[in-house]
Amino acid sequence: QVQLVESGGGLVQAGGSLRLSCAASGRTFSRYAMGWFRQAPGKEREFVAAIKWSGGSTSYADSVKGRFTISRDNAKNTVYLQMNSLKPEDTAVYYCAADWALGKVDLATTRYEYEHWGQGTQVTVSS
């Protein structure tokens, strides 16, 4: 079992940057693939980025490629999302999620594959 707590959200102007953090409890953090998702008002929760348990493989939604970077520090039980060149359409609640990845080959990129979720952090990008 793992519990997730996001932080780092806020209000930023278009073109600015934010770094989200997700702190995980539990001793098995390094066995989880980690993902970031977001949900804007009236829209479904969508995939943003994911990283394998080792950090050696990542995946991004087309809409954020080249602007966002996901990383993790297994010694600190933390995953990060560095967001640069933010746009108003990036405004959403951002959620951290964990997928038990032991034995899995492919990196999970859909919300249905993730078992554990944080409470979310609001990111608002003004134009």
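Keep in mind that this is a model prediction, so the values were computed, not measured. (Residues numbered from 1 in each chain as written. Predicted model: local features only at pLDDT ≥ 70, side-chain atom pairs only at ≥ 80, totals over all residues. Heavy atoms only, no water.)

Q: Would you mind showing me how to read the overall build of the protein chain here?
A: Regarding its fold elements, the protein chain presents zero helices and 11 strands. Relative to the globule expectation of 14 Å for 127 residues, the C-alpha radius of gyration of the protein chain, 14 Å, shows essentially globular dimensions. With the C-alpha coordinates aligned to their principal axes, the bounding extent of the protein chain is approximately 45 × 25 × 25 Å. In the protein chain, which comprises 127 residues, the share counted as buried stands at 43%. In the protein chain, the share of contacts with a sequence separation of at least 24, taken over all contacts with a separation of at least 6, comes to 61%. (Helix = DSSP H or I, 4+ residues; strand = E, 2+ residues; numbered from the N terminus. Rg over C-alpha atoms; globule rule 2.2 N^0.38 Å. Buried < 20%, exposed > 50% of the residue type's maximum accessible area, 1.4 Å probe, protein only. Contact = heavy atoms within 4.5 Å.)

Q: Mind showing me how you'd approach the pairing of strand β11 (residues 121-126) here?
A: When a strand is regular, its side chains alternate between the sheet's two faces. What you see with β11 is a clean split: Thr121, Val123 and Val125 sit on the buried side and Gln122, Thr124 and Ser126 on the side with no burial. The pairing of strand β2 (residues 10-13) with β11 spans four bridges and is classified as parallel. The residue bridging glycine 10 from the neighbouring strand is valine 123, located in β11. (Pairing = 2+ DSSP bridges.)

Q: Hey, could you run me through the layout of surface pockets in this one?
A: Rolled over the atoms, a probe with the dimensions of a water molecule shows which regions are left empty. One number sums up the size of the largest pocket: a volume of about 170 Å³. Lining of the largest pocket is provided by 13 residues; of these, Arg38, Ala40, Lys43, Glu46 and Glu89 occupy positions nearest its centre. Residues belonging to the lining of the largest pocket are distributed by class as follows: two nonpolar, three polar and eight charged. (1 Å grid on protein atoms, 1.4 Å probe; cavity = no way out; pocket = protein on both sides within 12 Å on 5 of 7 lines; lining within 4 Å. Points joined across faces, edges and corners; volume = space filled by probe spheres on them. Nonpolar A, V, L, I, M, F, W, Y, C, P; charged D, E, K, R; others polar.)

Q: Explanation requested: the nonpolar core in the structure shown.
A: Most often, soluble globular proteins keep nonpolar side chains buried together rather than apart. Grouped together as the largest cluster of nonpolar side chains are 38 residues, with contacts concentrated most on Met34, Trp36, Leu81, Met83 and Tyr94. Going through the elements one at a time, β3 (18-24), β4 (32-39), β5 (46-51), β7 (68-73), β8 (78-83), β9 (92-100) and β11 are the ones with two or more residues in this core. Beyond its immediate sequence surroundings of up to four residues, leucine 81 is in contact with Leu18, Arg19, Leu20, Trp36, Val48, Ala49, Phe68, Thr69, Ile70 and Tyr94. (Core = buried A, V, L, I, M, F, W, Y, C linked by side-chain atoms within 4.5 Å.)

Q: Could you clarify how one ought to interpret the state of the cysteines in this entry?
A: Put plainly, a disulfide is one covalent bond tying together the sulfur atoms of two cysteines. Evaluation of the coordinates by the stated rule reveals one disulfide. Between cysteine 22 and cysteine 96 runs a disulfide, and the two sulfur atoms are separated by 2.1 Å. Disulfide cysteine 22-cysteine 96: the torsion about the S-S bond is -80°, which places it as left-handed. With cysteine 22 in strand β3 and cysteine 96 in strand β9, this residue pair connects regions lying 74 residues apart in the sequence. Of the two residues, cysteine 22 and cysteine 96, neither departs from the other in class, the shared state being buried. (Disulfide = S-S within 2.5 Å.)

Q: What am I meant to see in the pattern of salt bridges here?
A: Between side chains of opposite charge, pairing is possible as soon as their charged atoms come close. One pass over the structure, following the stated rule, counts seven salt bridges. Across the pair aspartate 62 and lysine 65 runs a salt bridge, and its minimum N-O distance is 3.2 Å. When sorted by exposure, aspartate 62 lands in the same class as lysine 65, which is exposed. Taking the shortest distance from any N to any O, the salt bridge between aspartate 90 and arginine 67 comes out at 2.7 Å. You can see aspartate 90 sitting in the loop between β8 and β9 and its partner arginine 67 sitting in the loop between β6 (58-60) and β7, a full 23 residues away along the chain. In terms of burial, aspartate 90 and arginine 67 fall into one category: buried. (Salt bridge = Lys/Arg side-chain N within 4 Å of Asp/Glu carboxyl O.)

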